[in-house]
Amino acid sequence: MGVRGLQTFMEKYCPTACYPVYLSDLAEKYKIETGNDAVIVVDTQSCYFTWSKGLDSIVGLDVQELFHRIRKFVTSFEEIGVKLVFFIGGLNVEKKRKEWLRRQRNNLRKVYAGFDFLEEGTVTKNVPEEHNRLPPAVGVFVSLFLKHILNCEVYCTIKECDEEIVEYVHKHECIGIFAQDSDFIVSDIRQSIVLASQRFDQGRMATMMYDREELADILRIRTEQLALFGILLGTYTNTIEQENLTNFHRSICPVYFSTWRNIPYNILMPAVAKYIRELPDKPIDEILKLICVEIFGDESSLNSIERSYYSYVFQETSATANPTTKWSQILLEAEYRHRNFIVPSFIWGVVNDQVFELSATFEDLRRASGDNGPNNQDVIIPSSTVTRLLRRRIYGILLLEYKHLDDVEVTEWCGENIDSYNEPVLVKPVAPIVPHPGLLQLWSSNDDGRLNEMKWKLFLSCISPNITTTGVEKWRTLPDDLVPISATLFYLLEEKFMNEDEINAVIATVATHSLYDRKELNNIIGRYHPRRTHMSVVITRTYSMVISLMGACGYPVPISDKLICMKFEAKLFQIKYKEMKRNKSIEELCDNNDMCMNIFNQMKGVLRRAIGDDFERQRTSRRGVRSEWSNLEGKFVRMRAS
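What counts, and at which threshold
Position numbers for residues start from 1 in each chain and track the written sequence from start to end. Restriction of local features to residues with pLDDT of at least 70 applies here, the model being predicted, together with a cutoff of 80 or more for giving and counting side-chain atom pairs; totals for whole chains, interfaces and linings are based on all residues. The side-chain numbers reported here are obtained from all heavy atoms of the structure, hydrogens and water having been left aside. We count a stretch as a helix when DSSP gives it H or I for four or more residues in a row; a strand needs E for two or more, and each element gets its number in order from the N terminus. Using a 1.4 Å probe on the protein chains alone, a residue whose accessible area is under 20% of its type maximum counts as buried, one over 50% counts as exposed, and one in between counts as partly exposed. pLDDT measures how confident the predictor is about each residue, on a scale from 0 to 100. Strand pairing requires that DSSP identify at least two bridges connecting the strands. Note on geometry: axes are C-alpha line fits, over the in-contact stretch for helices, and angles between N-to-C directions span 0 to 180 degrees. In what follows, residue pairs with any heavy atoms lying within 4.5 Å of each other are defined as contacts. Helix span is expected to be 1.5 Å times the residue number reduced by one. Any N or O atom pair separated by 3.5 Å or less is treated as a polar contact, with the protein-specific requirement of one donor-capable and one acceptor-capable atom, and with residues adjacent in sequence counted only for side-chain atom pairs. Angular relationships are summarised with four words: roughly parallel below 35 degrees, roughly antiparallel beyond 145, roughly perpendicular across 65 to 115, and oblique for the angles in between. The hand of a helix crossing depends on one turn: near helix anticlockwise from the far one by less than a right angle means left-handed, and clockwise means right-handed. Under the grouping applied here, Gly and all other residues not named as nonpolar or charged are polar, the nonpolar ones being Ala, Val, Leu, Ile, Met, Phe, Trp, Tyr, Cys and Pro and the charged ones Asp, Glu, Lys and Arg. Each Phe, Tyr or Trp ring (for Trp, its six-membered ring) is paired with any other whose centre lies within 6.5 Å, and the angle between the two planes then decides the class: stacked below 30 degrees, edge-to-face above 60, tilted in between. The criterion for a charge sitting over a ring is simple: Lys NZ or Arg CZ within 6 Å of the ring centre, and within 35 degrees of the ring normal. One speaks of a salt bridge when a side-chain nitrogen belonging to Lys or Arg is within 4 Å of a carboxyl oxygen belonging to Asp or Glu.

Comments concerning unusual backbone geometry
Thought 1: Even without a glycine there, the phi angle at Ala137 is positive, about 65°.
Thought 2: Relative to the elements of secondary structure, Ala137 occurs in the loop between α5 (94-117) and α6 (138-149).
Thought 3: Positive phi, normally seen in glycine, also occurs at Phe341, with a value near 50°.
Thought 4: Under the relative-accessibility criterion, Phe341 is labelled buried at 2%.

The structure is reproduced here in structure tokens:
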């Protein structure tokens, strides 16, 4: 998360240590010298805003355009002979959670400012960039897309992301790290260079390089002393108390400043470097003790100083011990699936720490209330609240073998109301209602038909206990790409989040998805609408939870682009929602297309139980959408026959 002020100092006062570079030149030079293609390690989370910039995120997730940009990003590096290796942060380690929570609270304030700016009908392309936020669940979709569609080398971290990146560059020949975290500038990264992800110009394949060796020369310290420099400046997650650092900074600066923030970087940074130059020439352990005494007055905080220092210095990790119990075997397999992004990252957090985190998204939690329904425009049920029961059922699958479920609580950090991210919510797992063969069996490569049937039943019972055995067979006949979105809608219907007319608009969006290419979707003018916008957030987030449920169950439907490339395009949903409001018929919602009507027919068939069995009745709602099931089925048969 960075060394305080270091990036600003280098860009403003160290032009020889911070300069533009052409990546093609770096790659070509590297290949001439070594005969190998260059490898760049990417801190993936630093790219999310770059990939999402300009997307209509207020409307919702723009799936086709987002994936197009990521594919183009990867291809642009391949074309100049650079292999990208992606690292994605997993669950926050405890010492970083405080900073993560602070950022979530800050993000919520920005979200509220965005809602204060909006009025119903606002053209979203006219909304200032600072009010756009990352789409919900973007990390899940991006990571799975990189791994399973683009076949990139992708790792999800167990420890801190920057520490595992440093470890990787020590074990492999890497030309650089593509990130926006100044921790890498002071870290021991061998000969690798630091490349700024937020300054990347894809057209010219150029970016800003932060030169560690030049920075050390400017400060007149050794490159290996940059780690000391970093901890003495203070990081956003530093275990050294900021108050003690503030007093230290005042004591070494030539001019008195009332607070740490008042000290200009061009005075503070040289002063810290001067302090380091004047330290005695002793082993680092003795230097850390000396620093501890001078800053704190004694050695009581030595462990904190050592942890901060060694987070920047590569240390060989010991091999994982052989598992001795069934649960340790499960943890080992869960870690493997997590690291290699076979399953979404939250599964590891649950099985290892019984902790779940959900970042703030574009929801006005000031309007959150427990009294909500599909026709209530004044209050919202947050996506984290809507999906809680689904999560509890997933926890039941993941923790059934841990210990008695009555003794287990999962700590959830979610955005649910105006007091969110101050205190966690403790929730109990819900035990599966169908046979559970054990996680090792579920996650095995066993292609046994009986096991796959158990996966299906476990998966669907978590979506709803009301899906009967006969219902399972109907679900299994669905095309793979319709299973997760249909499961999403079934769950939301049973949670009474949506009514049938709104479901029709969503299904029509999915059914007509293939009729619209990326450019056509980009040309759709998005407009803010409270209900429609919130539905997009909840549907997207629930869909990502359904994918996680599939991963927990060992993927009853094999993981592929059909699962990852969600066909719920938020801009297209805007159109279908408005058409539904204008009393369009089902045929018109499906663009009078036979193929789209077939998809609509299939999805509505498996949702029958959630909507109600009486599909024979003529529905004449105030919206006038004609959803008589038998008539629709008959019309579809006649169209196919003709």
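Still more to cover.
Points about the confidence of the model for the protein chain
Thought 1: The share of residues in the protein chain with pLDDT of 70 or more is 90%, and the mean pLDDT across the chain is 88.
Thought 2: Looking across the protein chain, the model is least confident in helix α30 (residues 629-641), with a mean pLDDT of 35, and most confident in helix α17 (residues 388-399), with 98.

Quick notes on the sheet that holds strand β2 (residues 38-43)
Thought 1: Spatial strand order, β1-β7-β6-β5-β2-β3-β4: seven strands in an open sheet with mixed pairing. Each having just a single partner strand, β1 (18-22) and β4 (153-156) make up the two edges of the open sheet. Recorded for the sheet is a direction-independent mean angle of 30° between the axes of neighbouring strands.
Thought 2: Where β1 and strand β7 (residues 206-210) come together, five bridges link them in antiparallel fashion. If you follow Tyr19 over to β7, its bridge partner there is Met209.
Thought 3: Lying on the sheet, helix α7 (residues 161-171) is in contact with β2, β3 (82-88), β4 and β5 (176-179); it crosses β3 at an angle near 145°.

Side note on helix α28 (residues 594-606)
Thought 1: For α28, built from 13 residues, the straight-helix expectation of 18 Å at 1.5 Å per residue is met to within 8% by its first-to-last C-alpha distance of 19 Å.
Thought 2: Listed as buried for α28 are Cys596, Met597, Ile599, Phe600, Asn601, Met603, Lys604, Gly605 and Val606.
Thought 3: Capping the start of α28 is the job of one residue whose side-chain oxygen sits 2.9 Å from the backbone nitrogen of Met595: Asn593.

Section: the sheet that holds strand β10 (residues 425-427)
The pairing of strands in a sheet comes from backbone hydrogen bonds and takes either a parallel or an antiparallel form.
Thought 1: With mixed pairing, the three strands of this open sheet are ordered in space as β8-β9-β10. The open sheet has two free edges, formed respectively by β8 (355-357) and β10, since each of these has just one partner strand. Adjacent strand axes in the sheet meet at a mean angle of 25°, parallel and antiparallel pairs treated alike.
Thought 2: Pairing geometry for strand β9 (residues 410-413) and β10, over three bridges, is antiparallel. The residue of β10 that forms the bridge with Val410 is Val427.
Thought 3: Of the strands in this sheet, β8, β9 and β10 are in contact with α17, which crosses β9 at around 145°.

Describing the packing of helix α4 (residues 63-78) against α6
Thought 1: It is at 11 Å that the axes of α4 and α6 come closest, and there the two elements cross at 45°. With respect to each other, α4 and α6 are oriented oblique. Between α4 and α6 lies a crossing of right-handed hand. Across the interface between the two elements, Leu66, Phe67, Ile70, Arg71 and Val74 of α4 pack against Val138, Phe141, Val142, Phe145, Leu146 and Ile149 of α6.
Thought 2: Per-class residue counts for the contact of α4 with α6 are ten nonpolar, no polar and one charged.

Points about the packing of aromatic side chains
For any pair of aromatic rings, the description consists of the separation of the ring centres together with the inter-plane angle of the planes.
Thought 1: On inspection of all chains with the given rule, the structure shows 25 aromatic pairs.
Thought 2: Ring geometry for Phe77 against Phe178: centres 5.9 Å apart, planes inclined by 80°, an arrangement best described as edge-to-face. One end of the pair, Phe77, is in helix α4; the other, Phe178, is in strand β5, with 101 residues separating them in the sequence.
Thought 3: Each ring, one from Phe568 and one from Phe573, has its centre 5.1 Å from the other, and the planes form 50°; the classification is tilted.
Thought 4: Residue classification places Phe573 among the buried positions, given a relative accessible area of 0%.
Thought 5: Stacked on the ring of Phe497, the Lys or Arg Arg531 has its end atom at 4.8 Å from the ring centre.

Considering helix α19 (residues 449-463)
Thought 1: Spanning 15 residues, α19 covers 21 Å between terminal C-alpha atoms, matching the ideal 21 Å at 1.5 Å per step.
Thought 2: Listing the buried residues of α19 in full gives Leu451, Met454, Lys455, Trp456, Leu458, Phe459, Leu460, Ser461, Cys462 and Ile463.
Thought 3: For α19, the N-terminal capping position is held by Asp448, with its side-chain oxygen 3.0 Å away from the main-chain nitrogen of Arg450.

Looking at the pattern of salt bridges
Thought 1: For the structure shown, the criterion picks out 29 salt bridges.
Thought 2: One salt bridge connects Lys159 with Glu167, and the closest N-O pair in it is separated by 2.9 Å.
Thought 3: Through salt bridges with shared partners, a single ionic network connects Arg388, Arg391, Glu412 and Glu416.

Concerning the side chain of Arg388
Thought 1: Structurally, Arg388 can be placed in helix α17.
Thought 2: A residue is classified by how much of its surface remains accessible, and Arg388, at 15% relative accessible area, is buried.
Thought 3: Only 2.8 Å separates the side chain of Arg388 from the side chain of Glu412, close enough to count as a polar contact.
Thought 4: Apart from the residues lying within four places of it in its own chain, the contact partners of Arg388 are Glu412, Glu416, Val425, Val427 and Tyr491.

A word on the pairing of β3
Thought 1: With six of seven residues buried, β3 is to be regarded as a mostly interior element.
Thought 2: Pairing of β2 with β3, which is carried by six bridges, proceeds in the parallel orientation. In the sheet register, Val42 faces β3, and the bridge partner there is Phe86.
Thought 3: Where β3 meets β4, four bridges bridge the pair, whose relative direction is parallel. Residue pairing across strands places Val85 opposite Glu153, the latter belonging to β4.

Focus on the pairing of strand β6 (residues 193-196)
Thought 1: Residue alternation in β6 divides its side chains into two sets, Ile193 and Leu195 and Val194 and Ala196, and both sets are buried.
Thought 2: With four bridges connecting them, β5 and β6 associate as parallel partners. Bridge pairing links Ile177 to Val194 in β6.
Thought 3: Of the strand pairs in this sheet, β6 and β7 are connected by two bridges, and their pairing is antiparallel. Paired with Val194 across the two strands is Tyr210, which belongs to β7.

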